[in-house]
Amino acid sequence: VEKMIEKDLAKEEEEKKEQLARNREEDDDDDDDDDDDGEGVALEDEEASEDDDEEGEDEEVSNDDEEEETDQSTASKNKQPSAASKEVGAVKVNDSNSKNLYKPTKTNNASANNNGGDFGTFTLRRLQETRKATQTLIQQLEQYYNGKPQATRMMFDSWLKPWKFQNSNSRSSRDRNDKLIDTIARALVTEDQEEFIIGTIGSSVAAGHDNCHYDSYENQLERTFGPVWNAAGMKLVTQNAGEGGGCGDDYRNQAYCIAQNVSPNVDIAHYTWTYFEEGDRVEKYKIRESLVRWTQRMERQPPVHVLNVLWAPTGNDLRVEQELADHYAKYGYNAFYMRTGHTLGGYDYEADKKNGIDHYAAGFQGDGYHNVTRYGLKEENSNRRDSLGVVMRNWHPGPLGFEFVSDTFSYVYSKAMIEALDLIEAQMATGKDPRQTWSSSQRTISPKESLPEPKHCDPAYCVVDKVPGCLNFEKPTFGLQGAEVEDAEGSLNPHKGEVQDWKVWYENIDIWHMVGKQDKAIFQKRDDKEICRHLDQCGGLSATSSEDGTVVFRLPEMEVGLVVICGCCGKDVARTMFLQNEFLEISYNGIVLDKSKWDIFPNAKCVRLQEKFPTELAGQAYLHSYLSVKALDGLKAPVRISHVITL
């Protein structure tokens, strides 16, 4: 791979010399300036076309259903190239090179590079550089996985609905492709979008527990796929909202918090709660379907991609999951299975198991294809290098397992990137501004009735025009809170003048929280130990006695009237902390709520205080409301509210 990089740099240097020679000829004959410029563009287009033919990516994906958008040429905020990544597919690029492959130069913004058209900051030259960076990454990954056929089997066919960007005969496959391609195209041409955001909600698998945080799949994805976005003058951002099970959360309550746990403007949403779904398949499909529908209420309508580190399901489970994927193909829903991908590469894991070798045993090094991550090859510390070859720490993947996950997402998204670039360039070639088709700022959110009829979820909660609101006191969160703690002296606070002294509480953890023993031993005396620190931390708004008084939450505008509170910490705290706590009083708009009408929902750490708006308020669904929680005399144990969920 390093030789490939050097070869590309040498080729660019040769092209640069040729261009200088052409420039000298142009200086001798000013009358030929325009013709020479035209030939230069034509040569670049021919080279790009040849590259596309080699990749087999020359067929244009249909975009018939996409409505034309309003021209955004008035946008004033230009995309600026981000600092070039020092790691491309975990291969470091020498900063001393006079021209970095993945860092566009300032001249790439010049309108002269638009081949006669003013298409904003995403110019033809920038498009070509983005294509080059993308093709380089694709080639690197295909070489790393022993050629294109094996790479395709491992990273395309390991999904619930295998990806096929060329010559697909399936309508649902074309719809799924179009959604991902459209998502990338909009990000590229939108003037004021400087980041492409992939946000993950999930368990300790997403968090990267038992590893250093640096080795999580999200961080590896940022380092591998990031240079492609650098070439586009943007930055790839991965938001890792994964958390361990110690706080008591699972997929059932955290799906409601999608717009706070990650940014409400994510481009792609990842979901990794699959371990927690086992044993309750009915609820699993309800939540997944709800999540897909709720994300389409968000600003950029991100597709939902599921990560499962086991094998693809079989039998009835496979049938139900495939039906769900086809039902929401238009919205990009799909799921990837890590161990299925390993198997499809052709390695005979069963033969190894018969010989006593289990590649998925805790701490085993090597997945049958590689014995260490690419960046592990550069590691000088032998213990750290060994650690970076672990496939599974226990039930959590190790760095090598996460590398394959990162590579799979990078490979699929890079292939979609090539398709998006081809569509954009085709419009540029006709003189049409691609912003008129793909400007993200003009994307409209369709009404709830436009989504297909739900198959599993409760229509009262999943057929809605708004994404649920969430106030989450746990860490990390990257989005916007729904409810807010009202100012004790606020003019609209129904308990103004009363004691309101609840305090935010967080569990006491250190840098080694959920870092595996192997990495802790390696990094304890190293200066770069901070790369191990995980982001997740349990927390809540806490009262320990009646002296803390009341906390008042100002609820956001609601559509349904659902109000839920969750406690910390543990999986079964709702009953004792809220439902059976005689020393706790909860009011809604000044009216004390009847505990006999509460129920455990959506999991055992949460209580549903209100299923929907009271009948008398049914016609006033968008009034602001207040939820008050008061600690009474005799409170024996701390009350800690981790979440306030509204819809």
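None of the values given here were measured: they were computed from a predicted structure.

Rules used in this analysis
Counting starts from 1 at the beginning of each chain's written sequence and moves along it residue by residue. Local features in a predicted model are, by the rule used here, given only for residues with pLDDT of at least 70; side-chain atom pairs are given and counted only at 80 or more, and totals for whole chains, interfaces and linings are based on all residues. Derived side-chain values reflect all non-hydrogen atoms in the structure, with water molecules and hydrogen atoms excluded from consideration. Helix numbering and strand numbering both begin at the N terminus, where a helix is a DSSP run of H or I of at least 4 residues and a strand a DSSP run of E of at least 2. Only protein chains enter the accessibility calculation, which uses a 1.4 Å probe; a residue whose area is less than 20% of its type maximum is buried, one above 50% is exposed, and one in between is partly exposed. Here the Shrake-Rupley method, with its probe set to 1.4 Å, supplies the accessible areas, and only the displayed protein chains count as covering residues. Axis definition: a line fit to C-alpha positions, over the contact stretch in the case of helices; interaxial angles, taken between N-to-C directions, run 0 to 180 degrees. Note on angle classes: values under 35 degrees are labelled roughly parallel, values over 145 roughly antiparallel, values of 65 to 115 roughly perpendicular, and the remainder oblique. Working rule for contacts: check all heavy atoms of both residues, and any pair within 4.5 Å makes them a contact. Under the scheme applied, nonpolar residues are Ala, Val, Leu, Ile, Met, Phe, Trp, Tyr, Cys and Pro; charged residues are Asp, Glu, Lys and Arg; polar residues are all the others, including Gly. Pairs of cysteine sulfur atoms within 2.5 Å are what we label disulfides. Two strands form a pair only when DSSP identifies at least two bridges running between them. Crossover handedness is defined here as right-handed if the route from the first strand over the helix to the second strand goes clockwise, with the strands pointing away from the viewer. Nonpolar cores are built from buried Ala, Val, Leu, Ile, Met, Phe, Trp, Tyr and Cys residues. Side-chain atoms within 4.5 Å join them into one set. Aromatic pairs are defined between Phe, Tyr and Trp rings, using the six-membered ring for Trp, whenever the two ring centres lie within 6.5 Å; interplanar angles under 30 degrees are classed as stacked, those over 60 as edge-to-face, and all others as tilted. Charge-over-ring placement is defined geometrically: NZ (Lys) or CZ (Arg) within 6 Å of the ring centre, and within 35 degrees of the ring normal. Exposure above 30% relative accessible area and the absence of a salt bridge qualify a residue for a patch, where like charges join within 9 Å and nonpolar side chains (Val, Leu, Ile, Met, Phe, Trp, Tyr) within 5 Å. Between Lys or Arg on one side and Asp or Glu on the other, a salt bridge is scored when a side-chain nitrogen of the former is within 4 Å of a carboxyl oxygen of the latter. Charged residues are defined here as Lys and Arg on the positive side and Asp and Glu on the negative side; His and the ends of the chain fall outside this count. All charge positions are set by atom: Lys at NZ, Arg at CZ, Asp at CG, Glu at CD. The length a helix should cover is 1.5 Å for every residue beyond the first.

1. Things to note about the overall build of the protein
- Helix and strand counts for the protein come out as 20 helices and 19 strands.
- When burial is assessed residue by residue, the protein has 57% of its 647 residues classed as buried.
- Roughly 27,200 Å² of accessible area belongs to the protein as shown, and the carbon and sulfur atoms make up 46% of that amount.

2. Here's the deal with the packing of helix α4 (residues 148-155) against helix α16 (residues 399-429)
- Interhelical geometry of α4 versus α16 gives an angle of 105° and a closest axis separation of 10 Å. It follows from the interaxial angle that α4 and α16 lie roughly perpendicular. On the side of α4, the interface is formed by Lys148, Ala151, Thr152, Met154 and Met155, while α16 contributes Phe404, Asp407, Thr408, Tyr411, Val412 and Lys415.
- In the contact of α4 with α16, the residues fall into 6 nonpolar, 2 polar and 3 charged.

3. Observations regarding the state of the cysteines
- Applying the stated criterion to the full structure yields 6 disulfides.
- Linked covalently through their sulfurs, cysteine 257 and cysteine 470 form a disulfide whose S-S length is 2.1 Å. With the S-S dihedral at roughly 60°, the linkage between cysteine 257 and cysteine 470 falls on the right-handed side. Here cysteine 470 lies in strand β8 (residues 469-472) and cysteine 257 lies in the loop between α8 (251-254) and α9 (258-261), a separation of 213 residues in the sequence.
- Each sulfur of the disulfide joining cysteine 568 and cysteine 569 lies 1.7 Å from the other. Linking cysteine 568 and cysteine 569, the disulfide has an S-S dihedral of approximately 55° and is accordingly described as right-handed.
- On the basis of relative accessible area, cysteine 568 is assigned to the buried category, the value being 3%.
- Using a relative accessible area of 32% as the deciding quantity, one classes cysteine 569 as partly exposed.
- Described in terms of the sequence order of its bonded cysteines, the disulfide pattern of the protein is 1-7, 2-8, 3-6, 4-5, 9-12, 10-11.

4. A few points about the sheet that holds strand β15 (residues 591-592)
- Spatial strand order, β9-β12-β18-β14-β15: 5 strands in an open sheet with antiparallel pairing. With partners counted over all chains shown, the strands left at the sheet margins are β9 (484-485) and β15, one partner each.
- As defined by bridge partners, strand β14 (residues 584-588) adjoins β15 across 2 bridges and the pair is classed as antiparallel. From the neighbouring strand, serine 587 faces β15, where its bridge partner is valine 592.

5. Here's the deal with the pairing of strand β7 (residues 334-337)
- Burial along β7 is two-sided: the face carrying Asn334 and Phe336 and the face carrying Ala335 and Tyr337 are both buried.
- Two strands pair when backbone bridges link them, and strand β6 (residues 304-308) and β7 are joined in this way by 4 bridges, in the parallel orientation. Directly across from asparagine 308, in β7, lies its bridge partner tyrosine 337.
- A crossover connection joins β6 to the parallel β7 through helix α12 (residues 315-327); in handedness this β-α-β unit is right-handed.

6. What to know about the nonpolar core
- The biggest cluster of nonpolar side chains holds 61 residues, and the ones touching the most others in it are Phe122, Leu180, Ile184, Leu188, Trp229 and Ile424.
- The set of elements that each furnish at least two residues to this core consists of α3 (124-144), α4, α5 (171-189), β3 (195-202), α7 (217-231) and α16.
- Listed in part, the 43 residues of the second largest apolar core include Ile197, Leu291, Val304 and Ala335.

7. Points about the pairing of strand β11 (residues 539-543)
- Burial analysis of β11 places 5 of its 5 residues in the buried class, which makes it a mostly covered element.
- Two elements, strand β10 (residues 503-506) and β11, share 4 bridges in a ladder whose sense is antiparallel. Within the sheet, the bridge partner assigned to tyrosine 506 lies in β11 and is glycine 539.
- In terms of strand pairing, β11 meets strand β19 (residues 639-646) through 3 bridges, oriented antiparallel. Looking at the pairing, serine 542 lines up with arginine 640 of β19.

8. Focus: the packing of aromatic side chains
- Summed over the entire model, instances satisfying the criterion amount to 26 aromatic pairs.
- Between tryptophan 159 and tryptophan 163 the ring centres are 5.5 Å apart and the planes differ by 80°, which places this aromatic pair in the edge-to-face class.
- Over the ring of phenylalanine 601 we find arginine 608; its NZ or CZ atom is 4.0 Å from the centre of that ring.

9. Details of a negative patch on the surface
- There is a patch of like negative charges on the surface, built from Asp192, Glu194, Glu195 and Glu299.
- With respect to the helices and strands, the residue aspartate 192 is situated in the loop between α5 and β3.

10. Here's the deal with helix α11 (residues 281-295)
- The terminal C-alpha atoms of α11 lie 21 Å apart, and with 15 residues this matches the ideal 21 Å at 1.5 Å per residue to within 8%.
- Most of α11 sits inside the fold, with 12 of its 15 residues counted as buried.

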